[in-house]
Amino acid sequence: MIKRLTGFQPTGNLHLGNLLGAMRPLVEAQSTTDSIAMIADLHALTMEHDPAAVRANTLEVATLLLAAGVDPRRTAIIANSQVPEHTELHYLLECTAAFGEAARMIQFKEKSAGGGPVRLSLLTYPVLMAADILVHGAEQVPVGDDQSQHLELARTLALRFNARYGETFTVPEGIRPESAARIMDLSDPVRKMSKSAPSPAGRIALLDPPETIRKVISRAVTDTAGVVRHDPENQPGVSNLLAILAACTDEKPGEFTSYGALKREVTDAVVALLDPIRARYAELDPGYVREILAEGRTRVRPAALATVRRTKVAIGLLD
Ligand code: ATP
Ligand code: MG
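Rules used throughout
Residues numbered from 1 in each chain as written. Chains lettered and ligands numbered in written order. Predicted model: local features only at pLDDT ≥ 70, side-chain atom pairs only at ≥ 80, totals over all residues. Heavy atoms only, no water. Core = buried A, V, L, I, M, F, W, Y, C linked by side-chain atoms within 4.5 Å. Buried < 20%, exposed > 50% of the residue type's maximum accessible area, 1.4 Å probe, protein only. Helix = DSSP H or I, 4+ residues; strand = E, 2+ residues; numbered from the N terminus. Domains from an automatic or database assignment. Contact = heavy atoms within 4.5 Å. Phe/Tyr/Trp six-rings, centres within 6.5 Å; stacked < 30°, edge-to-face > 60°. Pairing = 2+ DSSP bridges. Near = heavy atom within 4 Å. Polar contact = N/O pair within 3.5 Å; in protein donor to acceptor, adjacent residues only side chain to side chain. Areas by Shrake-Rupley, 256 points an atom, 1.4 Å probe, with all protein chains shown as cover. Nonpolar A, V, L, I, M, F, W, Y, C, P; charged D, E, K, R; others polar. Expected span 1.5 Å × (residues − 1).

**Q** Go over the nonpolar core, please, and point to the residues and values.
**A** Ranked by size, the top nonpolar core spans 49 residues in total, and within it L16, I77 and V270 carry the most contacts. Elements represented by at least two residues in this core include exactly α1 (16-28), β2 (33-39), α2 (51-67), α8 (210-218), α9 (236-249), α10 (259-283) and α11 (286-315). If one sorts the elements of this core by residue count, α10 sits on top with nine residues. Both of domain 1 (2-180 + 286-315) and domain 2 (200-281) provide at least three residues apiece to this core. Ranked by size, the runner-up nonpolar core spans 36 residues in total, among them L5, A40, L157 and F161.

Here is the structure:
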């Protein structure tokens, strides 16, 4: 089976875009791939952070993955801080990467632009991401646009290491989920729905109660054309609502005579999709979720250890 690694940052506010664009494809691929769901809690330390929030958000992501249908018997759920081979390989890969390569990453440039002190880990984090992928020998990594440059770096490092020290790493391939690749912000439909958006007005959080969902969708920005049709260029808001409806129901949307009718139907579909997830979330005990993370770690470690060992032999640290 194909090995696939899907990553989630524990930044809180998981939303409908994360569910439709990343969690559901993960659930759907469980029977045909050997998947790891990785929570990148180490990445959360690259910017100013609240320690308690990182812990809480990591548990929240793991709980939401379970509530959304990730089956821990098939898919290992791990936090990268809990599998020490990630950081061990990170250093070895730093000895393969160049300073300039890290410094020209767009995300580093954007996130370091604000003035203030820049954590060194923000610069080296794409190399950690390469380690996250290579340590498990992942063949496929679902990535959005914002991560494609980092994935390219992982490929470059794997190829360079293999060429210099001998065949050691599987070279990963970036893949895009076909359905719902991009759910847009409901209050600003030319921007993607995002955890870190400054305002929650355009975001449907996965644990939002039905009243909140109804309110957010009723206020969704549309246009003055007055016709319901899929035309992302000229009617981004309406097209986004249609895309959400199609993704939630797995069906081609019917005809609508008004924006109000469309919004009501979208609300019903989103509420129907999120209701059972919210109910399962409430039932999941934090102690159980921590156990699932510990089991995930136990499951992936032998292969991760073997990768690190192989890397150390190749690079000259072990016989
Ligand atoms: P942040 O603003 O912190 O970057 P995010 O909302 O972009 O948060 P990530 O943790 O970066 O979320 O991404 C988790 C997964 O969800 C990735 O696979 C990403 O491609 C997917 N994803 C994120 N936003 C959307 C969206 N609006 N539509 C579809 N998929 C999305
Ligand atoms: Mg993102």
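**Q** Talk me through the environment of M47; I want residue IDs and the actual numbers.
**A** Among the structural elements, M47 can be located in the loop between β2 and α2. Judged by relative accessible area, M47 falls into the partly exposed class, the value being 35%. Taking the C-alpha atoms as reference points, M47 and L120, separated by 73 residues in sequence, lie 9.8 Å from one another. Ignoring anything within four residues of it in the chain, the contact list for M47 reads K111, R119 and L122.

**Q** Go over the side chain of T58, please, and point to the residues and values.
**A** Checked against the element boundaries, T58 lands in helix α2. Given a relative accessible area of 6%, T58 falls into the buried group. For T58, the residues in contact, after removing those within four places along its chain, are P10, I39, D41 and A79.

**Q** How would you summarise the packing of aromatic side chains if you had to cite specific residues and measurements?
**A** Evaluated as defined, the whole model comprises two aromatic pairs. Taken together, a centroid distance of 4.7 Å and an interplanar angle of 50° make the contact between F161 and Y165 tilted. Here the residue F161 and the residue Y165 both occupy positions in helix α7 (residues 148-165), the gap between them amounting to four residues, near one helical turn. The class for F161 is buried, based on a relative accessible area of 0%. Overall, the relative accessible area of 29% leaves Y165 in the partly exposed class. Here the aromatic residues F161, Y165 and F169 are joined through ring pairs into a cluster of three or more.

**Q** Talk me through the pairing of strand β3 (residues 76-79); I want residue IDs and the actual numbers.
**A** Residues A76 and I78 point to one face of β3 and I77 and A79 to the other, with burial holding for every one of them. Of the strand pairs in this sheet, β2 and β3 are connected by four bridges, and their pairing is parallel. Along β3, the bridge assignment pairs I39 with A79.

**Q** Explain unusual backbone geometry to me, using residue names and the numbers behind them.
**A** A positive phi angle, near 55°, is found at N13, a position not held by glycine. Within the fold, N13 resides in the loop between β1 (2-8) and α1. A relative accessible area of 37% means that N13 is categorised as partly exposed. Within the chain, D250 stands out as a residue other than glycine whose phi angle is a positive 60°. Tracing the chain through its elements places D250 in the loop between α9 and α10.

**Q** Residues and numbers for the site of ligand 1, please.
**A** What surrounds ligand 1 is a group of 17 residues, the closest being I183, K192, S194, K195 and S196. One of the backbone nitrogen or oxygen atoms of I183 is found 2.7 Å away from a nitrogen atom of ligand 1. One of the side-chain nitrogen or oxygen atoms of S194 is found 2.6 Å away from an oxygen atom of ligand 1. Surface burial for ligand 1 is 90%, taken as the share of its 600 Å² of free accessible area covered by protein chains. For the shell around ligand 1, a count of residues per class yields five nonpolar, nine polar and three charged.

**Q** Kindly report on α2, identifying the contributing residues and their values.
**A** An ideal rise of 1.5 Å per residue puts 24 Å on 17 residues; α2 measures up with 24 Å between its terminal C-alpha atoms. Looking at the buried residues of α2, the elements they touch are β1, α1, β2, β3, α10 and α11. Phi for G69, located one or two positions after α2, is positive at around 110°.

Interpretation note: all reported values are geometric properties and have no functional meaning in isolation.
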